[in-house]
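Read off the chains here:
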Amino acid sequence: MVNIIWVALAAIGIIYAFFNGTIEEVNEVIFSSAQDAVALTISLVSVLVFWLGLMRIAEKAGLLEKLAHLFKPVFTRLFPEIPANHPAMGYILSNFSANLFGLGNAATPLGIKAMHEMKKLNNDSDVASRSMITFLALNTSSVTLVPTTIIAIRMQYDSMAPTEIVSSTIIATLISTIGAIMIDRYFYYRRQRRLI
């Protein structure tokens, strides 16, 4: 459905530009944007490889396991339906760790695996479980200590201080995560009261 929406938006824009007489400007923007996108992607790959390498070193050194152990009591309370030693919990903790270091691209496969494992716990139902909804809310808001992708973009566009956003990112993502948990719990308990 999302693909259809994007195609429709692009088609409407091109048709409008054709009738408006600005199709040449649209062509210029398309090709210049494509060139910028390729350059940005190449620059982001190097940063992503660097941070993924650091994550791999941290994993081999046992730091990710220690971080997961540190957060496990919190996550077992957030996801009471998931057994503590179930693979879903491991994927959730790994996803959280990757997001914590701003590695959204590395966190995505872990998030997909976590959802897949939670679906198994939910008897392969097409209806999202409480844990799946909570995970989606947490993954979307996600506390980030080092916003590596944003820093890389700021460096690509010659920012004078690309890391100055770190403190504001920590505050913003902490607030969004607390808000996501509060809203998730509010709607969960509200639904529970209606069922009684």
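Fair warning: this is a prediction, and the values are worked out from it, not measured in the lab.

About the thresholds
- The written sequence of each chain sets the order in which its residues are numbered from 1.
- This being a predicted model, a pLDDT of at least 70 is required before a residue's local features are given, and a value of 80 or more before pairs of side-chain atoms are given or counted; all residues contribute to the totals for chains, interfaces and linings.
- Note: side-chain values were computed over all heavy atoms of the structure, leaving out hydrogens and water.
- Runs of E in the DSSP output that reach at least two residues are strands. Runs of H or I that reach at least four are helices, and both are numbered from the N terminus.
- Partly exposed describes any residue whose relative accessible area lies between the buried limit of under 20% and the exposed limit of over 50%, with all areas from a 1.4 Å probe on protein chains only and scaled to the type maximum.
- Between two residues, a contact is recorded if the distance between any of their heavy atoms is within 4.5 Å.
- Accessible areas in this description were obtained via Shrake-Rupley with a 1.4 Å probe; residue shielding takes into account the shown protein chains only.
- Asp and Glu count as negative and Lys and Arg as positive, but His and the ends of the chain are not part of the count.
- For the purpose of locating charges, the reference atoms are NZ of Lys, CZ of Arg, CG of Asp and CD of Glu.
- Here the nonpolar core consists of buried residues drawn from Ala, Val, Leu, Ile, Met, Phe, Trp, Tyr and Cys, with membership extended through side-chain atoms lying within 4.5 Å.
- Working rule for helices: expected span equals 1.5 Å times residues minus one.
- To define axes, lines are fitted to C-alpha atoms, for helices over the stretch in contact only, and angles between the resulting N-to-C directions are given on a 0 to 180 degree scale.
- Here the word oblique covers every angle except those under 35 degrees (roughly parallel), over 145 (roughly antiparallel) and from 65 to 115 (roughly perpendicular).
- Handedness of a crossing is defined here by the sense of rotation of the near helix relative to the far one, left-handed for an anticlockwise turn of less than a right angle and right-handed for a clockwise turn.
- Side-chain classes are defined by residue name, with Ala, Val, Leu, Ile, Met, Phe, Trp, Tyr, Cys and Pro counting as nonpolar, Asp, Glu, Lys and Arg as charged, and the others, Gly among them, as polar.
- Any N or O atom pair separated by 3.5 Å or less is treated as a polar contact, with the protein-specific requirement of one donor-capable and one acceptor-capable atom, and with residues adjacent in sequence counted only for side-chain atom pairs.
- Where each domain begins and ends follows an automated or database-derived domain assignment.

Draft legend 1. Focus on the overall build of the chain. The helix and strand inventory of the chain stands at eight helices and zero strands. When its helices and strands are written in sequence order, the chain yields α-α-α-α-α-α-α-α. For the chain, the spread of C-alpha atoms along the principal axes amounts to about 60 × 45 × 30 Å. When each of the 196 residues of the chain is scored for burial, the buried share is 29%. Sequence separation of 24 or more characterises 62% of the internal contacts of the chain that already satisfy a separation of 6 or more. Summed over all atoms, the accessible surface of the chain reaches about 13200 Å², with 68% contributed by carbon and sulfur. Of the charged side chains in the chain, 15 are positive and 13 negative; the average position of the first set lies 18 Å away from that of the second.

Draft legend 2. Molecular detail of the nonpolar core. One finds Phe-75, Phe-79, Ile-82, Met-89, Ile-92, Met-118 and Phe-135 to be the most contacted residues of the largest nonpolar core, which totals 18 residues. Looking at this core, the elements that each hand over two or more residues are helix H3 (63-78), helix H4 (87-100), helix H5 (104-121) and helix H6 (130-141). Counting residues per element, this core draws most heavily on H4, which supplies six residues. Once residues within four sequence positions are removed from consideration, Ile-82 is found in contact with Ala-88, Met-89, Ile-92, Met-118, Leu-121 and Ser-131. In terms of nonpolar packing, the next biggest core, distinct from the first, is built from six residues, Met-55, Ala-58, Leu-64 and Ala-98 among them.

Draft legend 3. Molecular detail of H3. Here H3 spans 22 Å end to end across 16 residues, near enough to the 22 Å set by a 1.5 Å rise per residue. Among the residues making up H3, those that are buried are Leu-64, Leu-67, Ala-68, Phe-75 and Leu-78. Contacts made by the buried residues of H3 are with helix H2 (23-60), H4, H6 and helix H8 (166-195).

Draft legend 4. Inspection of the packing of H4 against H5 at higher detail. Contact geometry for H4 and H5: axes closest at 8 Å, N-to-C directions at 160°. The angle between H4 and H5 places the two elements in the roughly antiparallel class. Between H4 and H5 the crossing geometry is left-handed. Residues Pro-87, Ala-88, Tyr-91, Ile-92, Ser-94, Asn-95, Ala-98 and Asn-99 of H4 pack against Gly-104, Ala-106, Ala-107, Leu-110, Gly-111, Lys-113, Ala-114, Glu-117 and Met-118 of H5. Partitioned by chemical class, the residues of the contact of H4 with H5 number 10 nonpolar, five polar and two charged.

Draft legend 5. Here's a closer look at the environment of Arg-77. Position of Arg-77 relative to the elements: it lies in helix H3. Residue class for Arg-77 comes out exposed when judged on its relative accessible area of 70%.

Draft legend 6. The side chain of Ser-141, seen in detail. Tracing the chain through its elements places Ser-141 in helix H6. Among the polar contacts made by the side chain of Ser-141, one reaches the main-chain carbonyl oxygen of Ala-137 at a distance of 3.1 Å. Among the polar contacts listed, one links the side chain of Ser-141 to the side chain of Thr-177, at a separation of 3.4 Å. Once residues within four sequence positions are removed from consideration, Ser-141 is found in contact with Thr-173, Ser-176, Thr-177 and Ala-180.

Draft legend 7. The domain arrangement of the chain, seen in detail. Splitting the chain by domain gives domain 1 (1-43) and domain 2 (62-193). Computed over C-alpha atoms, the centres of domain 1 and domain 2 are 33 Å apart.

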